[in-house]
Amino acid sequence: MLKRILAVSLALNFSPAALAASPITLLSEQCLDYRVSLSQAQESPTPLDASVRLERELIGLFNLKDSVRFYRHYPLNAEDKEALLQCQLHLADEFDRLAQEPWLKTQSQNWSQSDAPGLRQFGQLLTQQIAEQIDQQQKAKIHTAQASVAHGLKQKALSLSMGQSQCRLTDGEAEQAEQAFDNSIASYLIHQQDESCKRQVWLAYQVRAKQKNQAAISLILTTKQTIALEHGADDYASWALSHQLLANPAQVKHFLDSQTQLAPAPWALGAVLAKLPKVEVTPRSGEQLLDDIQAELSPFGLEFETVNANMLRLWHKGRLLGDVFLDRPPKPQLAGSQRANPPLGKQEQPPTEKAQTPTLKKPTLKTPTFKEHKAQLSPLRQTVVGQQFGQLTLTLPDQLNDYRSQEQLIAAVAEMVSRLLTGGRYYLNNTLGDGQAIASLWLSQYLSQQLLPELPSNSREAQLKAFSKQLKVFRSKLALSAYQNFDNRLYRDLNQEFGASFGAPWPDADDALYSFTGVVTQGPLYYLTLWHQRLAEQILSDTQLEATSVFHLLLINEQQQPLDEQLTAIFGSAQSVATILERSQHDQLKPVH
């Protein structure tokens, strides 16, 4: 019975008449007509039965949200973009309507006190989601400003025509840079020998959108501060962190300080990497590495069933977890289509931006060219035990010739397994909180240890990892500071913090606020990826348990244990936040994949 599940195209039920329509059109129609009813849940005889009936209603809304997120990965025409936007707004309004229902508010708080771990977690997460709803006017302000910031940062490439300045490349260098990197900021930094010129151009690039985005970012910060005050918090950073394991800005600062180490300056990175040896790996096709990953996962009870050349099913000890659609990049001779089988109907080719000057000219369009595809995962439907199987699309490159490309496929498969295997009976339990992210990162690091060579500290890949980490550390400090009241700011000298990570001053380091979208989308929670990565590293290096036991605790978590109980089982003793932070501070120099 389980094996007769049909792999319909991207989980949408198409009739023969509907096949001619764009899936986005069908999705939009479903979305705009969707409405959650609480009547059956309200009539339930027991709290558990009420939660199950509510889950059946909510899961349709969550599936639509995931479908919107899935399609946004593809190049879209203006009409489809607008359809997805309207769908997104409708779903947000529908959840906001539910959040105003007195019955749901009361019931979610009751569930959060349940003796059943899964129901208790569901109640806590639903209560938090309800509390985080904001009024329509505030929501409109924030979303409009976020879109404006993202648009301002899309003009990424700066033309490097320097006039008659001393920082101008020689004709030979400029020609080489244009051929190799399309005359981009990266090519300039690599081919320019003068360190002061590199620094000057990199700093100019960081503030390329400052004038355009200053008002939008200021509006977001002001609006979120108002939201925090409405919830009785001193500032937005304090309110946003109050639901996290690191529950206040001081604890986040402690963690970020423990992760601060010296890395190459951004403008010198290319030159530093060019002098370092690459880590040699055995070239493998995407299919070969996927087979190797499957072999490493077999001891955990996982089995991949090949349905056809483009589809797999994942099983765990006889239990079907879900379907994986393999998205194989188009061959170079098929130029003219961005993907082998575009699922979206009518599309417009995405323009390729030509490099621009620090004075910000409009980009010119040119013929699209194929770039190397990397492994990535596009979730479509989340596994929820008792409700539905998962569905995902895995982009599988043809050839993986270097460490980074192989590591990317390992990470994508680890996330795929984590999403499909999670054992919760509620969508929110399986998608929110720290658990799934830590589980996915632990599995990725475990598989990398088995399948990839250890990184020498003086290798190109290790230095690039160190730089990427320090960029996140600095940006996390910046985002934390931006959402604190000026008088409460824990990082008062961001120039000093930039120097601590990159060994060089940036007197206007506050301007980095305008160089990445994370400050307005994730805000003070931007540090979370670092936190999850660090916890996964600690689990991998410090636990006394067998890998199969850690796998069962983190990825299956059948008993729906909260993170603190999982960590206690893994490390063999109770893990307070102070203990975890202490581990981060003293263990960070251990070599970990």
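Bear in mind that the values here come from a model prediction, so they are computed numbers and not experimental data.

Q: Explain the state of the cysteines to me, please; I cannot follow it from the model alone.
A: Covalent bonding between the sulfur atoms of two cysteines defines a disulfide. By the definition in use, this model includes one disulfide. Put simply, Cys31 and Cys87 are joined by a disulfide, and their sulfur atoms are 2.2 Å apart. With the S-S bond torsion at 105°, the cross-link from Cys31 to Cys87 turns out right-handed. Highlighted residues: Cys31 in helix α1 (residues 23–33) and Cys87 in helix α4 (residues 78–99), separated in sequence by 56 residues. The same class applies to Cys31 as to Cys87, namely buried.

Q: For this particular structure, what's the right way to read the packing of helix α16 (residues 403–421) against helix α23 (residues 547–556)?
A: Helix-helix packing is described using two parameters, namely the angle between the two axes and the distance between the axes. The contact between α16 and α23 brings their axes to 9 Å, and the two run at 65°. Between α16 and α23, the crossing angle belongs to the class labelled roughly perpendicular. For the pair α16 and α23, the contacting residues are Val417, Ser418 and Leu421 in the first and Phe551, Leu555 and Ile556 in the second.

Q: What's the story with the environment of Lys105 in this structure? I'm lost.
A: In this structure, Lys105 sits in helix α5 (residues 102–111). For Lys105, a relative accessible area of 35% puts it in the partly exposed group. Between the C-alpha atom of Lys105 and that of Ile130, which follows or precedes it by 25 residues, the distance is 7.4 Å. Apart from the residues lying within four places of it in its own chain, the contact partners of Lys105 are Ala99, Gln100 and Ile130.

Q: Help me out: how do you make sense of the packing of aromatic side chains in this one?
A: Scanning all chains against the criterion turns up 21 aromatic pairs. The interplanar angle of 25° and the centroid separation of 6.2 Å between the aromatic rings of Trp267 and Phe498 together place this pair among those described as stacked. Here Trp267 is found in the loop between α13 (249–258) and α14 (269–274), whereas its partner Phe498 is found in helix α20 (residues 494–502), with 231 residues between them in sequence. On the basis of an interplanar angle of 50° and a centroid distance of 4.9 Å, the ring pair of Phe498 and Phe502 is categorised as tilted.

Q: What's the story with unusual backbone geometry in this structure? I'm lost.
A: Only a minority of non-glycine residues have a phi that is not negative, and only a minority of peptide bonds are not trans. Positioned with a positive phi, Lys317 is a non-glycine residue whose angle comes to about 50°. Along the chain, the position of Lys317 falls in the loop between β3 (311–316) and β4 (319–327). Owing to a relative accessible area of 68%, Lys317 belongs among the exposed residues under this scheme. Backbone geometry at Asn557 places phi at a positive 50°, although glycine is not the residue there. Structurally, the position occupied by Asn557 is in the loop between α23 and α24 (563–571). Under the relative-accessibility criterion, Asn557 is labelled buried at 13%.

Cut-offs used in this document
Residues numbered from 1 in each chain as written. Predicted model: local features only at pLDDT ≥ 70, side-chain atom pairs only at ≥ 80, totals over all residues. Heavy atoms only, no water. Disulfide = S-S within 2.5 Å. Helix = DSSP H or I, 4+ residues; strand = E, 2+ residues; numbered from the N terminus. Buried < 20%, exposed > 50% of the residue type's maximum accessible area, 1.4 Å probe, protein only. Axes fitted to C-alpha atoms, helices over the stretch in contact; angles between N-to-C directions. Parallel < 35°, antiparallel > 145°, perpendicular 65-115°, else oblique. Contact = heavy atoms within 4.5 Å. Phe/Tyr/Trp six-rings, centres within 6.5 Å; stacked < 30°, edge-to-face > 60°.

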